[in-house]
Amino acid sequence: MPQHTLPRPICGHCDGFPTVTITTGTRTPNGQRQTITAHCPACRGTGHTTTPAARARVGA
């Protein structure tokens, strides 16, 4: 019997677009644009937030 997983909430910081490529304004020796990749620090590049159960405090 198939198990269904509930959809996780989309990250409110990046609205589900966790990874972006940013041009630096320079070009490589072969003429292509130099780019860097940046990930959302809130969701760590997943696009989703964690469930409240996963954020439970351990210890104290």
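As a reminder, the structure under discussion sits directly above these lines.
Structural notes, computed from the coordinates. Since the structure is predicted, the reported quantities are computational estimates derived from the model, not experimental observations.

Some thoughts on a nonpolar patch on the surface
Taken together, Val20, Ile22 and Ile36 make up a surface patch of nonpolar side chains, about 230 Å² in accessible area. Mapped onto the fold, Ile22 is located in strand 1 (residues 19-27).

Considering unusual backbone geometry
Here the phi dihedral of Asp15 falls at roughly 55°; this positive angle occurs in a residue that is not glycine. In this fold, Asp15 is placed in the segment before strand 1.

Here we look at the environment of Gln32
Secondary-structure assignment places Gln32 in the loop between strand 1 and strand 2 (33-39). Contacts of Gln32, omitting those with residues within four sequence positions, involve Thr26 and Arg27.

Regarding the pairing of strand 1
Sheet topology places strand 1 next to strand 2; six bridges connect them, and they run antiparallel. Counted as the bridge partner of Arg27 is Arg33 from strand 2. Remark: five residues form the turn of the hairpin made by strand 1 and strand 2, two consecutive strands paired antiparallel; Gly31 in that turn has positive phi of roughly 100°.

Digging into the environment of Gln34
Within the fold, Gln34 resides in strand 2. The exposure class assigned to Gln34 is partly exposed, which follows from its relative accessible area of 35%. When the C-alpha atoms of Gln34 and Thr24 are compared, they prove to be 5.8 Å apart, with ten residues separating the residues in sequence. In this structure Gln34 touches Ile22, Thr23, Thr24, Gly25, Thr26, Arg27 and Thr28, once residues within four positions along its chain are discounted.

The rules we used
For every chain, the first residue of the written sequence is number 1, and numbering continues from 1 along that sequence. Only residues with pLDDT of at least 70 get local features here, since the model is predicted, and only at 80 or more are side-chain atom pairs given and counted; chain-wide, interface and lining totals rely on the full set of residues. Side-chain metrics rest on all non-hydrogen atoms present in the structure, leaving aside hydrogens and water. Exposure above 30% relative accessible area and the lack of any salt bridge qualify a residue for a patch; like charges then connect within 9 Å, and the nonpolar side chains Val, Leu, Ile, Met, Phe, Trp and Tyr within 5 Å. Methods summary: accessible areas were calculated by the Shrake-Rupley approach with a probe of 1.4 Å, and residue burial reflects only the protein chains presented. Here, a salt bridge means any side-chain nitrogen of Lys or Arg that lies within 4 Å of a carboxyl oxygen of Asp or Glu. For helices the rule is a DSSP run of H or I covering at least 4 residues; for strands it is a run of E covering at least 2, with both sets numbered from the N terminus onward. Contacts between residues were defined by any pair of non-hydrogen atoms, one from each residue, lying within 4.5 Å. Strands pair, by our definition, only if DSSP identifies at least two bridges between them. Each residue is placed in one exposure class: buried if its accessible area under a 1.4 Å probe, protein chains only, is under 20% of its type's maximum, exposed if it is over 50%, and partly exposed if it falls in between.

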